[in-house]
Amino acid sequence: VGLGVASQVPHALSIALPPLGTYLLLWFALSQRANVHNAARFGDFSYGIYLYHYPILQLLMLWIGQPTDPWRLLAMGLPLSVVAGVLSWHLVERWFLTRLRQQERVTAPSAAGAV
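These figures come from a predicted structure and were not determined experimentally.

What the protein chain contains, in helices and strands, is 4 helices and 0 strands. Reading the protein chain from its N end, one meets helices and strands in the order α-α-α-α. Taking 115 residues into account, the globule formula puts the C-alpha radius of gyration at 13 Å, and the protein chain, at 21 Å, lies well above it. Seen along its three principal axes, the alpha-carbon backbone of the protein chain occupies a region of about 65 × 40 × 25 Å. Within the span of the protein chain, comprising 115 residues, buried residues form 17% of the whole. Within the protein chain, contacts between residues separated by at least 24 positions form 45% of all contacts whose residues are at least 6 apart in sequence. Carbon together with sulfur atoms contributes 70% to the accessible area of the protein chain, which is approximately 9,400 Å² in total. Looking at charge distribution, the protein chain has the averaged site of its 7 positive side-chain charges lying 9 Å from that of its 4 negative ones.

Take the side chain of Glu93 next. For Glu93, the location among the structural elements is in helix α4 (residues 70–113). The buried charged residue Glu93 lacks any salt bridge partner; its closest oppositely charged side chain belongs to Arg94, at an N-O distance of 10.0 Å. Within polar-contact distance, the side chain of Glu93 engages the side chain of Ser88 at 2.9 Å. Discounting chain neighbours no more than four positions away, the residues touching Glu93 are Asp44, Tyr47, Gly48 and Ser88.

Rules behind the numbers
Every chain begins its residue count from 1, and numbering advances along the sequence as written. In keeping with the predicted nature of the model, local features appear solely for residues at pLDDT of at least 70, side-chain atom pairs appear and are counted solely at 80 or more, and the whole-chain, interface and lining totals rest on all residues. As a rule here, side-chain values come from all non-hydrogen atoms in the structure, and water together with hydrogens is ignored. Secondary structure follows DSSP: runs of H or I at least 4 residues long count as helices, runs of E at least 2 residues long count as strands, and numbering of each begins at the N terminus. For a compact globule the rule gives 2.2 Å times the number of residues to the power 0.38, and the radius of gyration it is set against comes from C-alpha atoms. Summary of the burial criterion: residues with accessible area below 20% of their type's maximum are buried, those above 50% are exposed, and those between are partly exposed, where the area comes from a 1.4 Å probe applied to protein chains only. In what follows, a contact means two residues having at least one pair of non-hydrogen atoms within 4.5 Å. Note on areas: Shrake-Rupley with a 1.4 Å probe; residue coverage comes only from the protein chains shown. Just so you know, the count uses Lys and Arg for positive and Asp and Glu for negative, and it drops His and the chain ends. Positions of charges follow a simple convention, taking NZ of Lys, CZ of Arg, CG of Asp or CD of Glu. Salt bridges are identified by distance alone: a Lys or Arg side-chain nitrogen within 4 Å of an Asp or Glu carboxyl oxygen. Nitrogen and oxygen atoms within 3.5 Å of one another constitute a polar contact, given that in protein one can donate a hydrogen and the other can accept it, and given that sequence-neighbouring residues count only through two side-chain atoms.

Shown next as structure tokens:
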């Protein structure tokens, strides 16, 4: 309700969105009805999206060459960022996590036996 009211008052959304949007996001993530508990079953793309989103937006702004609407920039940049995050997970992150788990399995018993 607060976000709806703030969207109708000039400049109020920029003040209301950080606290109310955060509350809404947490409510959604923790809601039993949302069922986001199995969201990472295909991989955890969040770090790749976080890592590549800013450079992708910068390249898009350079390519456009003039100031643009933030919503338009988000609409153009978010799909590219998600693709970059998915590629990052499958080509880089998963490989390193697999190697790390294998190394932990090999070194863990020998460390326990030394005690």
